[in-house]
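As a plain string of letters, each chain reads:
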Protein chains: 2
Amino acid sequence: MQVIILNILFMTQNNQPKYRSNCPISSALDIIGDKWSLLIIRDMMFANKKTYSDFSKSSEGIATNILSSRLLMLEQLGLINKGKLEGNKKTNIYSLTKKGQELLPIILEIAQWSDKNLNEHLKDGAKPFVHKFKSNKDDFIKNMYHYFATREA
Amino acid sequence: MQVIILNILFMTQNNQPKYRSNCPISSALDIIGDKWSLLIIRDMMFANKKTYSDFSKSSEGIATNILSSRLLMLEQLGLINKGKLEGNKKTNIYSLTKKGQELLPIILEIAQWSDKNLNEHLKDGAKPFVHKFKSNKDDFIKNMYHYFATREA
DNA sequence: AATTATTACTTGCATATTGCAAGTAATTAA
DNA sequence: TTAATTACTTGCAATATGCAAGTAATAATT
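Only a predicted model underlies this, so the values are computations on that prediction, with no experimental measurement involved.

Caption draft 1: Main features of the pattern of salt bridges. The final tally for this structure, using the stated rule, is 18 salt bridges over all chains. Across the pair B:Arg20 and B:Asp30 runs a salt bridge whose closest N-O atoms are separated by 2.6 Å. Remark: B:Asp30 occurs in helix 1 (residues 24–32) and B:Arg20 occurs in the segment before helix 1; sequence separation between them is 10 residues. Among the residues examined, B:Asp30 registers a relative accessible area of 3% and is labelled buried. Of the charged contacts, one joins B:Lys49 and B:Asp43 as a salt bridge, the two residues approaching to 3.6 Å between their closest N and O atoms. One exposure class covers both B:Lys49 and B:Asp43, and it is buried. One network of salt bridges, with partners in common, ties together A:Arg42, A:Asp43, A:Lys49 and A:Glu60.

The following block contains the structure:
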């Protein structure tokens, strides 16, 4: 019996994550409903961050123990992969799986919501980005997926 | 100086909520980046829940103290309103503000993501709903906003 | 070859948040 | 007049998060 306790979800005896209900919204929140998971994903998507130390340098200042547990959880749930570059045995390279990449529309809708509803305190830097997303969401998302793919190669 | 401590965000001396950074994604997560806030919003949107006891009967089983603090936070941040029905001095009626209603696209994208990526354990009941959303997102959202408006009247 | 730096963590402990059970005060219903 | 409902609060235990320091392996520098 695996005893790894993840911070949000945890594994039952049969090694299945335990969800609060079978509602799709609730179940997603069991995974990404916290302050940090989506920020790690954000940094992978938009800042091309790949390594533990990359993530630990986020402007929000994630604690290393939280980072560690989140990376493990995201990996176990299949949102990210953990790998190495050849010729380097030290540095772990984290990358988004398809399942992880597909969080993009959620993140973009969040950005759009904030842009509209929280802009008293937000910097204007994200405005052109959000504006472009709004003008043609499907294209924007398609282009981002293509960008993810080319980045890997 | 107001000393109300909200569970996620908290107020500074000048009564402004304190965000971790000025990133739109991080700032939204300062508000809705927890396991419960979006579930309350979900219940208001899709189950037409309005009262404290409505919310306390969610299938995920929110604790009443958490419910209480979340309702207060959502109200203070302008995502929901608190009111009464005339002729009833007891029951509080909570309703979504525009700011709160506009979380709909986020929630729908979350539902779509779960439908695709978590469906081992999800019930099929939400499938037609998600399918309809996918077929024409803009229309779907417009119809939902219209539904919210007519419900109030 | 030896020292230093970097990377990816873990550990311990304090603080904050959540979960649970019980209690309360103000209505409203029987 | 009593009972039930509603909207909470309170106390305490359990979890999760935050912070500082430590560690082991690898890689870079001298």
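Alright, that's what it looks like, and here's the rest.
Caption draft 2: Quick peek at the protein's contact with DNA strand C. Neighbouring DNA strand C are 22 residues; A:Ser68, A:Lys90, A:Tyr94, B:Asn65 and B:Lys89 lie closest to it. The sugar and phosphate moieties of DNA strand C supply 68% of its atoms located within 4 Å of the protein. Between DNA strand C and the protein, one listed contact pairs a phosphate oxygen with a side-chain N or O atom of A:Tyr94 at 2.5 Å. B:Arg70 has a polar side-chain atom sitting 2.9 Å from a phosphate oxygen of DNA strand C. Those elements giving two or more residues to the surface near DNA strand C turn out to be helix 3 (52–56), helix 4 (64–76) and strand 2 (92–96) of chain A together with helix 4 (64–76) of chain B. Sort the elements by how many residues they give to the surface near DNA strand C and helix 4 of chain B lands first, with four residues.

Caption draft 3: Summary view of the pairing of strand 2 of chain A. Residues and elements named next belong to chain A. Counting buried residues in strand 2 gives four out of five residues, a clear majority hidden from the surface. Alignment of strand 1 (residues 80–84) against strand 2, held across five bridges, turns out to be antiparallel. Residue pairing for strand 2: Lys-82 is matched across the bridge by Tyr-94.

Caption draft 4: View of the interface of chain A and chain B. Across the contact, 44 residues belong to chain A and 43 residues belong to chain B. Where chain A abuts chain B, roughly 4,200 Å² becomes buried across the two surfaces, and 69% of that area is made up of carbon and sulfur atoms. Ranking the residues of chain A by area buried against chain B places A:Arg20, A:Ile25 and A:Trp113 at the top, with a combined share of 17%. One can count two salt bridges joining chain A with chain B. A salt bridge links B:Lys116 to A:Glu102, with the nearest nitrogen and oxygen atoms 2.7 Å apart. Of all the elements in the fold, those that place two or more residues in the side of chain A that touches chain B are helix 1 (24–32), helix 2 (37–46), helix 5 (98–101) and helix 6 (104–117) of chain A. With 10 residues, the top contributor of residues to the side of chain A that touches chain B is helix 6 of chain A. Its residues assigned to classes, the side of chain A that touches chain B shows 23 nonpolar, nine polar and 12 charged.

Caption draft 5: The confidence of the model for chain A, seen in detail. For chain A, the average pLDDT comes to 90, and 90% of its residues sit at 70 or higher. Confidence drops under a pLDDT of 50 for residues 1–5 of chain A, and excluding neighbours within four residues, the segment shows six contacts in the predicted structure.

Caption draft 6: Examining the relation of the copies chain A and chain B more closely. For the pair chain A and chain B, the relating rotation is 180 degrees, the translation along its axis is 0.0 Å, and the fit reaches an RMSD of 0.0 Å. Taken together, the turn and the small shift mark the pair as related by a two-fold rotation axis. The position closest to the rotation axis in chain A is occupied by the C-alpha of A:Asp34, lying 2.3 Å away.

Caption draft 7: Examining the environment of B:Pro24 more closely. The topology assignment puts B:Pro24 in helix 1. Looking at B:Pro24, the relative accessible area reads 12%, which means it is buried. Those residues in contact with B:Pro24, other than ones at most four positions away along the chain, are A:Ala111, A:Ser114, A:Leu122 and A:Ala126.

Here is what the cut-offs are and how they apply
- Residues numbered from 1 in each chain as written.
- Chains lettered and ligands numbered in written order.
- Predicted model: local features only at pLDDT ≥ 70, side-chain atom pairs only at ≥ 80, totals over all residues.
- Heavy atoms only, no water.
- Salt bridge = Lys/Arg side-chain N within 4 Å of Asp/Glu carboxyl O.
- Helix = DSSP H or I, 4+ residues; strand = E, 2+ residues; numbered from the N terminus.
- Buried < 20%, exposed > 50% of the residue type's maximum accessible area, 1.4 Å probe, protein only.
- Near = heavy atom within 4 Å.
- Polar contact = N/O pair within 3.5 Å; in protein donor to acceptor, adjacent residues only side chain to side chain.
- Pairing = 2+ DSSP bridges.
- Contact = heavy atoms within 4.5 Å.
- Buried area = accessible area lost by both parts, 1.4 Å probe.
- Nonpolar A, V, L, I, M, F, W, Y, C, P; charged D, E, K, R; others polar.
- pLDDT = per-residue confidence, 0-100.
- Least-squares fit on C-alpha atoms with pLDDT ≥ 70 in both.

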